[in-house]
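Chain residues, written in single-letter form:
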Amino acid sequence: MSRDRLVVGRNVRKVDGVKLVTGGAAFTDDVQIPGMLYGKILPSPHAHARIRRIDTRKAKALAGVHAVLTYKDVPRVPHTTAGQAWPEPSPYDTYLLDSKVRFVGDRVAAVAAESRAIAERALALIEVDYEILPAVLDMEQAMAPGAAVIHDEPDSTKIYDREHNIAGYILREIGNVEQGFADSDYIVEREFRTQRQQHCPIEPHITISWLDTDGRLVIRTSTQVPYHSRRQVAMILQIPVSRVHVIKPRIGGGFGGKQEMLLEDICGALTLATRRPVKIEFTREEEFYMARSRHPQRLRMKMGVTRDGIVLASQLTVLATTGAYGSHSTTVQGNTGSKVLPLYRAPNMRFECHVVYTNNPVAGAFRGYGCPQGFFAQETLVDEIACELGMDPLEFHRKNVIRLGDTDHLSAQLGEGKEGLPRLVRSCGLPQCMERAARAIGWAQKRKSLPNGHSHLRRGVGMACTMQGSGIAGVDWASAFLKMNEDGSFYLQVGASDVGGGADTVLAQIAAETLGVTLDKIIITSGDTDITPFDVGAYASSTTIISGGAVKKAAGKVRAQVLDLASKMLDAPVDKLDCGNNEVFTTCVCRKAVSMTDLAMQAMYKEKLQIMDGASHFNTDSPPPFCATFAEVEVDTETGQVRVVHLATAVDPGTAINPMQAEGQVEGAVAQGLGYALTEELVLDAAGRPVNANFLDYKMFAAEDMPKLTTILVETDEPLGPYGAKSISEVPINGPAPAIANAIFHAVGVRIRKLPIRPEDVLRALGAKRAANLEEEALLTP
C-alpha cells in the first residue's frame, strides 16, 4: 500500500475506553450467576510438612457447605501451573491437592459453600495432623549435603536433580571465555543480590466456573493464557479439552502473574463436585504469598576489558530459587543470560545457572522475565568498569553495545526450552535512545557539575542500557479471523489476551489499516476459547508482533477478496485499486469508488459470497526492542534516603502502533522498576511466613512518589513486525534499578549491589566508606 497510514501510528481512542471509564466493561467478578457458591482454599501454616491425617467431617456437616476436597478426592496428575506452550519446559512437579505441603500457603483442602463466611468457618473446622519436616528456606543451603529433599515424590518429572533440590540447570558458552579473560587488561568481578517482588495487580486472581446446558465446564477467569489454561485444566481434571470452555473478560492487570493456572483447576474441581457455579477470589494477603513473585537471585558477574574499554569476555553465574515449585524456573533464568549478556559485543560469553527449590512462596513469570535481575548486575558492573578506566559510561556504551546487523549467538542457545537460530539485529535505535535520553537528563553537564558537595543532599546521574525480545522465536504463534458484515464493518476474532495494556486496540488498528477502514468498523472479540482462534496468550512481549502478525495476514487475505470483487464492480484491474476511508477506489486519474457498505451488500446478496478469512503467524526470530534509562537522584547523606528527581527513558519499539498507549506502557514499567529498585520486597520470617503481605507494609511507588518522567519513543522499522512494530511493554522495567544505583555512586561514591536499595543500605555503605577513608588516613599519617 502506497498511501499514508491512516490508523497505525495514530493516538486513537482505546476500543474499550468508554466502557472502562463508565464501568461498562465486565471483569471476571462483574457477573451474577444464580446459585453460585463461594470457594476457599485452606493454606498450609507450615513451610514443609506431610499430612498424616486430615478429617473433614465437621466441615462437611456445617450447614451451607456443599463440598470439601482433599488430596483423597481428586485425581493425582503431575503438572506445571506455568502458562507455557506444550510441551512446557517447566517441571511437572505440582498436584491439584497433595499429601505433602511445601510452602506456607500451599493448598491443603478446598471448600465450596453458600457464602464466603460459611466457607471460612468450614476451613477452620478441618482437622489436620501434620508431620513437620525440615524446611529449606535459604537458597544457598538448598543444594548442601543433607538438605531436606523437597520433591521426593516419584511421579514428578522433568526435575533436573531432585536429590539436591535443583529444579533446573543451564550452562552455555560462546567463544572461549577463559582465553578472553587472559587477553584482557582489566578484569572486574562482583556479586549482586535481588529480591522477591510481587505483581500487585489491582485485580487479584479470581475464577468463576459453572456447567453450561450441555454439561461442559465453563471457566471465566482473570488470565493471560486462556488456551493454555484450558489444556491444563482438562489434563488435571481428566476430562476432554472439548468439555472445557475458558472465557477471558477484561483483566485488571497481569504483569506475568496471570501467565499461570492458579485457581482454574481447583475452582473447576469444586464445580464438578457440586454441579454448581463456584467463585474463588484471592484476598490481597493471599495474592501476596499464594500467587507468584519475581525470582530472587544471587548473581556473580565478571567482565574482562582492554585498556581502551573494549569488552572481550563476560561471564554471569546465577543461583536462583523458584520456591516450592518449578513454574517458569529455567525459562526465566535463561532470559537472565540470553537477553542480558548479548547487549555487549563480547566475542566470549559464558552463562551458568542453578535454579533451586526452597520451601518459600513460588516464583513465576513477571514483567521483564529474568532480565531486571541480570541487567542490574551487568549495568552496575559496566558503570564501575567505565569509572575505573576513567571513561564516561555513555562513551563506554557507545563503544560496546550491540548494533544494527549484529548476530546474537547466545540467545539461540537459551531459547524457551529449545535451541534455535542466531538472532539477527534487523532494527536498532539504541544509539539514538542513548543520545536523546542523555540530552533529556542533562548528562554532559551534570556528570561534570554534580555532586556539588555543599550540602548533606548530594545529587548524581546514572545510566543503563537494556534490551528484551518480541515473542519466543519458533515457539509463540497466534491466529486471527475476519469476516465482513453488510454495513462494511468487520468482525475480528483473536485468541490474544488484552490484560489492560490495549492489545485489542492495537490489533484493531492493524486490521483497520490493512483494510482501509476507520477503527470503528472493526469489532474485536478476544480471549474466548469457544469463539476465537488459538493464541498462546499475553506474555513474552509477543502480542503486537505475533498476534498482530496474524491479524495483518488475515486482513491481507480479506483485503484481497475485497479488491477482487471491487475490480468487477468498478471494471478496473486489481493493481489499480486501493482501500481507504471505508471505500475502494481506483488510483488512476479518472477516480471511481465503491463504499465498503455497497461492496458488502453486493457480496452477500448478489454474489452469494461471505468475505472472510483467517491466518496463523509465528516468527523464527525474536527482534529485540532497546531502551536507554537515565536517572538523576538526590541522596541524603544523613538519613540514607534516595529520592529520584528525574527519570528519562528512551525506547526503540520499532513502529509505535499507538504512540500514547506505548508511552503508557513505558511509564507503567518504569513505575514497577522504581519500586524494584528502592522499596518493594516480599519479606519472609525465619519460618517462611510473609511479614508484609499487605499494601501498608509492602511499599509500592504511588502517584505522589513518582519523579519527573521523560518518555521518548525512538521509532525504527522492524522487518519481522506488522508495520515495522516490535515490543515495548517489558524492556523499560529493566533500566531503573541499575541507573539509580549508578546515580547513587555518582552522588556519594558508594556502590550498592543488592535490591531494594534501602536508606539503611546507603547509610551502611557510607559508614564503611568513611571508616575506610579514616583507616587509609591513619596509615598515611607518620
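Residues numbered from 1 in each chain as written. Predicted model: local features only at pLDDT ≥ 70, side-chain atom pairs only at ≥ 80, totals over all residues. Heavy atoms only, no water.

**Student:** For this particular structure, what's the right way to read the overall build of the protein chain?
**Tutor:** Each helix and strand counted, the protein chain has 19 helices and 28 strands in total. Scaling as 2.2 N^0.38, a compact globule of 782 residues should have a C-alpha radius of gyration of about 28 Å, and the protein chain matches this with 28 Å. With respect to the three principal axes, the spread of C-alpha positions in the protein chain is 105 × 80 × 50 Å. Counting over 782 residues, the protein chain shows a buried share of 61%. Approximately 28400 Å² of the protein chain is accessible, and the part contributed by carbon and sulfur atoms is 52%. For the protein chain, the centre of its 85 positive side-chain charges and the centre of its 92 negative side-chain charges are spaced 2 Å apart. (Helix = DSSP H or I, 4+ residues; strand = E, 2+ residues; numbered from the N terminus. Rg over C-alpha atoms; globule rule 2.2 N^0.38 Å. Buried < 20%, exposed > 50% of the residue type's maximum accessible area, 1.4 Å probe, protein only. Areas by Shrake-Rupley, 256 points an atom, 1.4 Å probe, with all protein chains shown as cover. Lys, Arg positive; Asp, Glu negative; His and termini not counted. Charge placed at Lys NZ, Arg CZ, Asp CG, Glu CD.)

**Student:** When you look at the pairing of strand β19 (residues 477-484) in this model, what are you seeing that I'm missing?
**Tutor:** Every other side chain in a regular strand lies on the same face of the sheet, so the side chains alternate between the two faces. Two elements, β19 and strand β25 (residues 612-618), share 7 bridges in a ladder whose sense is antiparallel. Opposite Lys483, over in β25, you have Met612 as the bridge partner. Where β19 folds back onto strand β20 (residues 490-494) in an antiparallel hairpin, the turn is made up of 5 residues, including Gly488, whose phi is positive at roughly 85°. (Pairing = 2+ DSSP bridges.)

**Student:** Teacher, can you tell me more about the sheet that holds strand β2 (residues 49-55) here?
**Tutor:** Strand pairing within a sheet occurs via backbone hydrogen bonds; the two strands may be parallel or antiparallel. If you walk across this open sheet you meet the 3 strands as β4-β2-β6, and the pairing is antiparallel. Whereas interior strands pair on both sides, the edge strands pair on one side only; in this sheet they are β4 (100-101) and β6 (127-132). Here β2 pairs with β4 via 2 bridges, running antiparallel. The residue bridging Ala49 from the neighbouring strand is Val101, located in β4.

**Student:** It is not clear to me how the side chain of Glu286 should be interpreted in this structure. Could you clarify?
**Tutor:** Mapped onto the secondary structure, Glu286 falls in helix α7 (residues 284-290). By relative accessible area, Glu286 is classed as buried at 11%. Only 3.2 Å separates the side chain of Glu286 from the side chain of Lys40, close enough to count as a polar contact. Not counting chain neighbours up to four residues away, the residues in contact with Glu286 comprise Lys40, Glu281 and Ala291. (Polar contact = N/O pair within 3.5 Å; in protein donor to acceptor, adjacent residues only side chain to side chain. Contact = heavy atoms within 4.5 Å.)

**Student:** Mind showing me how you'd approach helix α3 (residues 116-125) here?
**Tutor:** Owing to its 3.6 residues per turn, the α-helix aligns residues three or four sequence positions apart on the same side. By the burial criterion, the buried members of α3 are Ile118, Ala119, Ala122 and Leu123. The buried residues of α3 all sit within an arc of 145° when viewed along its axis, so they share a single face. In the core, the buried residues of α3 are packed alongside β1 (37-43), α2 (57-61), β3 (65-69) and β5 (107-113). (Arc of directions from axis to C-beta.)

**Student:** Sorry if this is basic, but what is going on with the pairing of strand β27 (residues 642-652) here?
**Tutor:** For β27, the tally of buried residues reaches 10 of 11 residues, placing the bulk of the element in the interior. Bridge count between strand β26 (residues 626-636) and β27: 10 bridges; the pairing is antiparallel. When the sheet's bridge partners are listed, Glu634 is paired in β27 with Arg643. Where β26 hands over to β27, the hairpin turn is made up of 5 residues, of which Gly640 adopts a positive phi near 80°.

**Student:** Help me understand the pattern of salt bridges in this model?
**Tutor:** Pairs may arise between side chains of opposite charge once their charged atoms sit close together. Scanning all chains against the criterion turns up 49 salt bridges. Asp98 is paired through a salt bridge with Arg76; the nearest N and O atoms lie 2.7 Å apart. Note that Asp98 is positioned in the loop between β3 and β4 and Arg76 in the loop between β3 and β4, a separation of 22 residues in sequence. For Arg76, a relative accessible area of 41% gives the class partly exposed. Counted as one network, the salt bridges with shared partners bring together Glu140, Glu189, Glu191, Arg193, Arg298 and Arg300. (Salt bridge = Lys/Arg side-chain N within 4 Å of Asp/Glu carboxyl O.)

**Student:** Help me understand the sheet that holds strand β22 (residues 577-580) in this model?
**Tutor:** The strand order β22-β23-β24 describes an open sheet built from 3 strands, whose pairing is antiparallel. Lying at the two open borders of the sheet, with one neighbouring strand each, are β22 and β24 (593-595). Across the sheet, the axes of successive neighbouring strands diverge by a mean angle of 20°, strand direction being ignored. Two elements, β22 and strand β23 (residues 583-586), share 4 bridges in a ladder whose sense is antiparallel. If you follow Asp578 over to β23, its bridge partner there is Phe585. Each of β22, β23 and β24 touches helix α15 (residues 543-570); the most contacted strand, β22, lies at about 120° to it. (Axes fitted to C-alpha atoms, helices over the stretch in contact; angles between N-to-C directions.)

**Student:** Sorry if this is basic, but what is going on with the packing of helix α10 (residues 393-400) against helix α12 (residues 430-441) here?
**Tutor:** Relative orientation and spacing of two packed helices are given, respectively, by the angle between their axes and the distance between those axes. For the pair α10 and α12, the least separation of the axes is 11 Å and the interaxial angle reads 170°. For the element pair α10 / α12, the angle class is roughly antiparallel. Of the residues in α12, those in contact with Leu394, His397 and Arg398 of α10 are Met434, Glu435 and Ala438. Of the residues belonging to the contact of α10 with α12, the class tally is 3 nonpolar, 1 polar and 2 charged. (Parallel < 35°, antiparallel > 145°, perpendicular 65-115°, else oblique. Nonpolar A, V, L, I, M, F, W, Y, C, P; charged D, E, K, R; others polar.)

**Student:** Explain the packing of aromatic side chains to me, please; I cannot follow it from the model alone.
**Tutor:** For any pair of aromatic rings, geometry is given as the distance between the ring centres together with the angle between the planes. Enumeration over the complete set of coordinates arrives at 8 aromatic pairs. Pairing Phe103 with Tyr325 gives two aromatic rings, centres 6.3 Å apart and planes at 80°, and the pair type is edge-to-face. You can see Phe103 sitting in the loop between β4 and β5 and its partner Tyr325 sitting in the loop between β14 (311-323) and α8 (329-338), a full 222 residues away along the chain. In this structure, Phe103 and Tyr325 share a single accessibility class: buried. Taking 5.5 Å as the distance between ring centres and 35° as the angle between the ring planes, the aromatic pair formed by Tyr160 and Tyr169 counts as tilted. (Phe/Tyr/Trp six-rings, centres within 6.5 Å; stacked < 30°, edge-to-face > 60°.)

**Student:** Could you clarify how one ought to interpret the domain arrangement of the protein chain in this entry?
**Tutor:** Assigned domains within the protein chain: domain 1 (17-25 + 477-618), domain 2 (37-133 + 199-290), domain 3 (135-197 + 293-418) and domain 4 (425-468 + 624-782). Here domain 1 and domain 3 have C-alpha centroids that lie 43 Å from each other. (Domains from an automatic or database assignment.)

**Student:** Sorry, what's going on with helix α18 (residues 736-748) here?
**Tutor:** Along its 13 residues, α18 runs 18 Å from first to last C-alpha, staying within 8% of the 18 Å computed at 1.5 Å per residue. Within α18, burial applies to Pro736, Ala737, Pro738, Ala739, Ile740, Ala741, Asn742, Ala743, Ile744, His746, Ala747 and Val748. Gly749 sits one or two residues past α18 and shows a positive phi near 80°. (Expected span 1.5 Å × (residues − 1).)

**Student:** So what exactly am I meant to see when it comes to unusual backbone geometry here?
**Tutor:** Across residues other than glycine, the phi torsion is negative in most instances, and most of the peptide bonds are trans. Each neighbour pair has its own omega, and for Trp86 with Pro87 the value is -5°, a cis peptide bond. Relative to the helices and strands, Pro87 resides in the loop between β3 and β4. For Cys200, which is not glycine, the phi dihedral falls at a positive 55°. Mapped onto the fold, Cys200 is located in the loop between β8 (186-194) and β9 (206-211).

**Student:** Any chance you could explain the environment of Phe27 here in plain terms?
**Tutor:** Within the fold, Phe27 resides in the loop between α1 (17-21) and β1. In the structure, Phe27 is positioned 672 residues away from Lys699 in sequence and 26 Å away in space, judged by C-alpha atoms. Beyond its immediate stretch of four places on either side in the chain, Phe27 contacts Leu20, Glu203, Arg220, Pro249, Arg250, Ile251 and Gly252.

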